[in-house]
Amino acid sequence: MFRRFMWSIQEVRLSDHIIKRCRLVLAAIFILMLTGCGRVPDGEYAASVTLTGGSGKAYIESPCSVTVSGKEITADIVWSSRNYDFMMVDGVKYEPVNTEGNSEFVIPIVLGKEMAVSADTTAMSKPHLIDYTLKFEILENGKEEGQSQDAESAMAGEQSGSSEPSETSKQVLDLEETDADILKFISEKLGIGYVSTDEMQYATGFKIYRLEDGFDLIAVCDGRYYLVIPEGASISGLPDFGEGIVSLSPIGDSDTQLVAITQPLDSIYLAASAVMCQFDAIGAVDALTLSGIERDGWYVESAVDAMDSGSLLYGGKYSAPDYEMMLEKDVDLAVESTMILHSPKVIEKLEKLEIPTFIDWSSYEDSILGRLEWIKVYGLLTGKEKEAKEAFLQQQDMMEKVDAHSLDGKTVAIFSVNTRHQITTKKGNDYLVKMVEAAGGTYLLPKGLTDEDTRSQVTISVEAFYDYAKDADILIYNGVIEDPPKTLDDLAAMDGTFADYGAVKAGQVYVTTGSMYQLASRSGTIAESIYEVLSGKKEETEYIYKLK
């Protein structure tokens, strides 16, 4: 049995604590004044959606778009299935607002309170009206135009439409400034001294500190610190750790947390789909027992094989894991994407079950190789550090060998067409954009979009896209978000303006495949393949192909 223990530091800086409290109070007063004593101003917002009821298999994309107009508040919600043909809210029937894709409804809502609704599904042998409970909460800094959307993570299996946390909720810390207090605490309270710091070449979101007696400390940009305890080690003066991680406690201030992880890790629940490739690259898929993604959601071959063999089982999605199965499989670590921060109750439940949570922030790295360098974290956790180093160096070498200059700076625009006949395109900080640039392309941004805009993707009108992309040398259709056209004629049929694009006339239109976003461990391979296709050396690779 696990035994939970709490760690505390007596030397709490009270003045800092009081200042933080005062800031929170002032912020609350300001928000109250702004909203007119509880009323949310008119406008469009992003809101988190909590769904309970039914079988637990269905979900609603979160966050969703909420519109406030006077006393009327409506939400535009998208289900995880296309089989809902109507909803009932307060006795009123609402029909879907779309005809293609997953069922979408615009319904009246209340904010901050649970509301009962019903939805009719045709997925079974005959229609069933199922009761659900919904709760909507406006996100912090929740204006819709300010939210960051990661649809690629969704397509890769982390539920569709969920966004990464805003900069405010992210609270990225200065690792250099904060880590000294943690290392001092570990030395003085636990008797484990500091030895050295690993030098990261590209990654800025984590640091690895080597400690005495084989202990390690992983410091992550969200304020979490993970003390990795080697197999068989013990810490005198503290309760027995047992097998696994049992502590999650504030250290110094409320934004800093320390999690203890005991090796070996041989029963991991993996909900962060972008991380599977890291386990695959170092030969550690056998350390995974439960997946937050169903079998058909994986592009990583070893993951599919593991699920086919039964060594890896579906353990429920990230926001609704199968807790009983986790206990049955004696899960010793849950690896999550940042999307789990929209489901804090899941983290709380995992803590109660004494299952620690490691949150992966690799998608926030500014560089491709920075994202790839997170493989060193998973090498450390699984005892595969040598394999992780070799895999990283191999891909780094491939990235450096891409002859980017030979593309001569050809201009590239990336897009997809959604069900509302709008264009979804990319900002310059997106993973796919960085891949295109690594391959030598010059990416075209929508007009008026600046580097200060933190979104990774934006939705614009067809006219706005035409205005800046009609003369692009190359168009890339993002087949991850929306189903791509099968031919150039199909693309032209989507909108009459596409036939006028220079890239369409020249036959320079390409489509990306979903596998790209689950295979960050092959960044060098992907960059090379994109270069080969855009330069005309090939017409098709595993990651991108030419539309004819």
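Further up the page is the structure itself.
Description of the structure in this document.

Reading the values: the criteria
- Residues numbered from 1 in each chain as written.
- Predicted model: local features only at pLDDT ≥ 70, side-chain atom pairs only at ≥ 80, totals over all residues.
- Heavy atoms only, no water.
- Helix = DSSP H or I, 4+ residues; strand = E, 2+ residues; numbered from the N terminus.
- Contact = heavy atoms within 4.5 Å.
- Areas by Shrake-Rupley, 256 points an atom, 1.4 Å probe, with all protein chains shown as cover.
- Axes fitted to C-alpha atoms, helices over the stretch in contact; angles between N-to-C directions.
- Parallel < 35°, antiparallel > 145°, perpendicular 65-115°, else oblique.
- Left-handed = near helix turned anticlockwise from the far one by under 90°.
- Nonpolar A, V, L, I, M, F, W, Y, C, P; charged D, E, K, R; others polar.
- Phe/Tyr/Trp six-rings, centres within 6.5 Å; stacked < 30°, edge-to-face > 60°.
- Buried < 20%, exposed > 50% of the residue type's maximum accessible area, 1.4 Å probe, protein only.
- Lys NZ or Arg CZ within 6 Å of the ring centre and 35° of its normal.
- Salt bridge = Lys/Arg side-chain N within 4 Å of Asp/Glu carboxyl O.
- Pairing = 2+ DSSP bridges.

Now for the overall build of the chain. Each helix and strand in the chain was counted, giving 16 helices and 26 strands. Within the chain, contacts between residues separated by at least 24 positions form 63% of all contacts whose residues are at least 6 apart in sequence. Accessible area for the chain stands at about 25,100 Å²; split by element, carbon and sulfur atoms hold 49% of it.

Attention now goes to the side chain of Lys 376. Secondary-structure assignment places Lys 376 in helix 10 (residues 375-382). Aside from chain neighbours lying at most four places away, what touches Lys 376 is Met 200, Gln 201, Ile 208, Ala 388 and Phe 392.

The next subject is the packing of helix 11 (residues 385-401) against helix 16 (residues 523-534). Their axes nearest at 7 Å, the elements helix 11 and helix 16 cross at an angle of 25°. Classified by the interaxial angle, the pair formed by helix 11 and helix 16 is roughly parallel. The way helix 11 lies across helix 16 gives a crossing that is left-handed. Contacts from Gln 395, Met 398 and Met 399 in helix 11 reach Ser 523, Gly 524, Thr 525, Ala 527 and Glu 528 in helix 16. Taken together, the residues of the contact of helix 11 with helix 16 sort by class into 3 nonpolar, 4 polar and 1 charged.

Counting across every chain of the model gives 17 aromatic pairs. Where Tyr 226 meets Phe 358, the ring centres are 4.5 Å apart and the plane angle is 45°; that geometry is what we call tilted. Placement of the pair is Tyr 226 in strand 12 (residues 224-229) and Phe 358 in strand 19 (residues 357-359), with a sequence separation of 132 residues. Phe 358 shares its class with Tyr 226; the two are buried. Linked through ring pairs, Phe 415, Phe 465, Tyr 466, Tyr 468, Tyr 477, Phe 498 and Tyr 501 together constitute an aromatic cluster. A cation sits over an aromatic face here: Lys 349 above Tyr 323, 5.6 Å from the ring centre. Over the aromatic face of Phe 392 sits the side chain of Lys 376, whose NZ or CZ is 4.7 Å from the ring centroid.

In this structure the tally under the stated criterion is 9 salt bridges. The shortest N-O distance in the salt bridge between Arg 210 and Glu 385 comes to 2.6 Å. Taken together, the residues Arg 210 in strand 10 (residues 206-211) and Glu 385 in helix 11 connect sequence positions 175 residues apart. Asp 308 is paired through a salt bridge with Arg 295; the nearest N and O atoms lie 3.0 Å apart. Of this pair, Asp 308 sits in helix 6 (residues 301-309) while Arg 295 sits in the loop between strand 16 (288-291) and helix 6, placing them 13 residues apart in sequence. In the salt-bridge network here, residues are joined through shared partners; they are Asp 198, Arg 210, Asp 216 and Glu 385.

Next up on the list: the sheet that holds strand 15 (residues 268-270). Spatial ordering of the open sheet is given by 17-16-15-18-19, a layout of 5 strands whose pairing is parallel. Each of the sheet's edge strands pairs with one partner strand only, and the pair in question is strand 17 (313-314) and strand 19. Examined bridge by bridge, strand 15 and strand 18 (residues 333-336) share 3 bridges and lie parallel to one another. Counterpart to Tyr 269 in the pairing with strand 18 is Ala 334.

Turning our eyes to something else, we now look at unusual backbone geometry. Backbone phi values are negative for most residues with the exception of glycine, while trans is the configuration of most peptide bonds. Geometrically, the link from Gln 263 to Pro 264 is a cis peptide bond, its omega value of 5° lying close to zero. Assignment of secondary structure puts Pro 264 in the loop between strand 14 (253-262) and strand 15. A positive phi angle, close to 50°, is found at Asp 90, a residue other than glycine. Looking at the secondary structure, you find Asp 90 in the loop between strand 4 (84-89) and strand 5 (92-94). The backbone of Asp 213 sits at a positive phi, close to 60°, despite the residue not being glycine. Position of Asp 213 among the secondary structure elements: in the loop between strand 10 and strand 11 (216-220).

So, about the environment of Asp 489. Position of Asp 489 among the secondary structure elements: in helix 14 (residues 488-494). Sequence separation between Asp 489 and Lys 548 is 59 residues; the distance between their C-alpha atoms is 8.3 Å.

On to the pairing of strand 3 (residues 72-78). The element strand 3 is largely enclosed, with a buried count of 6 among its 7 residues. Where strand 2 (residues 64-69) meets strand 3, 5 bridges bridge the pair, whose relative direction is antiparallel. Paired with Ser 65 across the bridge in strand 3 is Asp 76. Here strand 2 folds back onto strand 3, and the loop between the two strands holds 2 residues, one of which, Gly 70, carries a positive phi near 65°. The sheet contact formed by strand 3 and strand 6 (residues 104-108) spans 5 bridges and is antiparallel. For Thr 74, the partnering residue across the bridge sits in strand 6 and is Pro 108.

As far as function goes, none of this settles anything; it's purely spatial.
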